[in-house]
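Given next are the chains, with one letter for each unit.
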Amino acid sequence: MTIRNIVILTGAGISAESGLATFRGPDGLWEGHRVEDVCTPEAYARDPALVHDFYDARRAKLGTVEPNAAHRALARLDAEWSGELLIVTQNVDDLHERAGATRLLHMHGELMQGWCTACGERFRWAGLMGEGAECPSCGRKGAVRPDIVWFGEMPYEMERIDAALRDADLFVSIGTSGAVYPAAGFVQTARYVGAETLEMNLEPSQGSLFFDERRYGRAAALVPAWVG
Ligand code: BV8
């Protein structure tokens with residue numbers, strides 16, 4: 001089959017070698033935190049300070065790390081690939097952008113963005129947010145939350161993702177455990193439309209059996225080798 005249109009899904013594993021913790025590993029982000037306590041709208045309503053601390057700490061860490069060879073290889077592919085290409089990341093870090101990727105979409109939101117629940121505006125937010133942050137647009141205090149998709153909230157740009165998957169000749173999944181939907185279901189859509197499917201991960205994901213090809217190892221080694 002001639003490969004023209006590529007969809008690439010990335011997860012926390014692609015940023016692990018940059019020094020950012022994944023969610024479900026031994027050093028997991030959720031160690032010490034129950035997911036329900038930091039990653040749901042209910043958690044935010046119940047204890048906004050805890051949720052802000054969780055994201056403020058991750059935002060501060062992000063400023064100390066750099067993209068790795070896997071991010072850079074995907075950015076090179078993005079610059080050179082003449083067909084359609086869409087990198088759909090579950091990650092909320094900005095390492096794909098900082099490596100130079102442009103055909104990129106953050107389906108679970110972005111750590112470096114805030115969202116005002118009073119006026120609905122979204123804006124770049126680089127520092128600590130905390131509970132009483134003032135909206136740069138409407139001036140309200142205490143209505144700014146992290147622009148992150150929590151459990152039970154609709155991921156961003158699902159129509160655009162679905163359209164790209166339906167046109168795909170190749171679907172590549174990199175550094176994700178396949179634990180979270182709808183992202184974990186993308187491989188099914190790709191198979192349904194006859195796309196080739198490749199998984200690159202440290203270990204078999206929950207959906208590994210759905211992939212035609214599977215390469216296991218570190219993303220910073222596997223992805224540059226695959227991009228060539
Ligand atoms: C929705 C916020 C509908 C961002 C996150 C059944 C029961 C209950 C709920 C559900 C259900 N089925 C579906 C659901 C809904 C739920 C869900 O999927 N639950 C799961 C637990 C079953 N999904 C949702 O709620 C989603 N929304 O469905 O909305 C809707 C419809 C209408 C109207 C309204 C709503 C929302 C999902 C997003 C939740 N937000 N986090 C943040 O804080 O960062 S989830 C969290 O998990 C992150 O977003 C993360 O991106 C995502 C996936 O994790 P991974 O990226 O895969 O990371 P993980 O640690 O798991 O794995 C890392 C992998 O890398 C490992 O395999 C490891 O081996 C590998 N690795 C490590 N090092 C390396 C490496 N690989 C290569 N190289 C290395 N060096």
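Here the structure is a predicted model, which means the values were calculated and not measured.

Q: Tell me about the domain arrangement of the chain, and please be specific about residues and values.
A: When cut into domains, the chain gives domain 1 (1-20 + 67-108 + 154-228) and domain 2 (22-64 + 111-148). Look at where the C-alpha atoms of domain 1 and domain 2 centre, and you get two points 25 Å apart. With 15 residues of domain 1 at the contact, the number on the domain 2 side is 12 residues. Both sides of the domain 1 and domain 2 interface together cover about 1000 Å² of buried area, and 58% of this is carbon and sulfur. For domain 1, the biggest contributors to the area lost against domain 2 are Leu20, Val92 and Tyr156; these three give 45% of the whole. Remark: the boundary between domain 1 and domain 2 carries zero salt bridges. Grouping the constituent residues of the side of domain 1 that touches domain 2 by class yields eight nonpolar, four polar and three charged.

Q: Can you tell me about the confidence of the model for the chain, naming the residues and giving the values?
A: Of all residues in the chain, 99% attain a pLDDT of 70 or more, and the chain-wide mean is 95. The ipTM for the predicted assembly is 0.95, set against a pTM of 0.96.

Q: Quick rundown of the sheet that holds strand S7 (residues 170-174)? Include the residues and the values.
A: With parallel pairing, six strands are arranged side by side in an open sheet as S3-S2-S1-S7-S8-S9. Looking at the sheet topology across the chains shown, the edges are occupied by strand S3 (104-106) and strand S9 (213-216). Each adjacent strand pair in this sheet contributes to an overall mean axis angle of 15°, direction not counted. With five bridges joining them, S7 and strand S8 (residues 196-201) adopt parallel strand pairing. Bridged to Phe171 within S8 is Thr197. Helix-sheet contacts for helix H6 (residues 158-167) involve strand S1 (6-10), strand S2 (85-89), S3 and S7, and the interaxial angle to S2 is about 130°. Relative to the sheet, helix H8 (residues 219-227) contacts S1, S7, S8 and S9, its axis offset from that of S8 by approximately 145°.

Q: Any chance you could break down the site of the ligand for me, citing the residues and the numbers?
A: Not every one of the 35 residues close to the ligand is listed here, only the nearest: Phe23, Arg24, Thr176, Ser177 and Tyr181. For the ligand, an oxygen atom lies 2.8 Å from a polar atom in the backbone of Ala12. Side-chain polar atom of Thr176 to an oxygen atom of the ligand: 2.6 Å apart, as the coordinates give it. A breakdown of the residues in the shell around the ligand according to their chemical character gives 18 nonpolar, 11 polar and six charged.

Q: Mind laying out the side chain of Asp147, listing which residues take part and the relevant values?
A: Mapping Asp147 onto the fold places it in strand S6 (residues 144-148). At 2.8 Å, the side chain of Asp147 and the side chain of Gln113 are in polar contact. Not counting the four nearest positions on each side in its chain, Asp147 is found in contact with His108, Gly109, Glu110, Gln113, Gly114, Trp115, Arg122 and Tyr156.

Q: Would you mind going over the state of the cysteines in detail, with residue names and values included?
A: Evaluation of the coordinates by the stated rule reveals zero disulfides. Cysteine Cys116 is unpaired, with the sulfur of Cys135 as its nearest cysteine sulfur at 3.6 Å. Relative accessible area serves as the criterion here: at 0%, Cys116 is assigned to the buried category. Here Cys138 stays unpaired: no disulfide links it, and the sulfur of Cys135, its closest cysteine neighbor, is 3.7 Å away. Classification of Cys138 as partly exposed rests on a relative accessible area of 37%.

Q: Can you break down the side chain of Ser173 residue by residue, with the values?
A: Take Ser173: it is sitting in strand S7. The class of Ser173 is buried, set by a relative accessible area of 4%. Discounting chain neighbours no more than four positions away, the residues touching Ser173 are Leu9, Leu198, Glu199, Met200 and Phe211.

Rules behind the numbers
Residues numbered from 1 in each chain as written. Predicted model: local features only at pLDDT ≥ 70, side-chain atom pairs only at ≥ 80, totals over all residues. Heavy atoms only, no water. Domains from an automatic or database assignment. Contact = heavy atoms within 4.5 Å. Buried area = accessible area lost by both parts, 1.4 Å probe. Salt bridge = Lys/Arg side-chain N within 4 Å of Asp/Glu carboxyl O. Nonpolar A, V, L, I, M, F, W, Y, C, P; charged D, E, K, R; others polar. pLDDT = per-residue confidence, 0-100. Pairing = 2+ DSSP bridges. Helix = DSSP H or I, 4+ residues; strand = E, 2+ residues; numbered from the N terminus. Axes fitted to C-alpha atoms, helices over the stretch in contact; angles between N-to-C directions. Near = heavy atom within 4 Å. Polar contact = N/O pair within 3.5 Å; in protein donor to acceptor, adjacent residues only side chain to side chain. Disulfide = S-S within 2.5 Å. Buried < 20%, exposed > 50% of the residue type's maximum accessible area, 1.4 Å probe, protein only.

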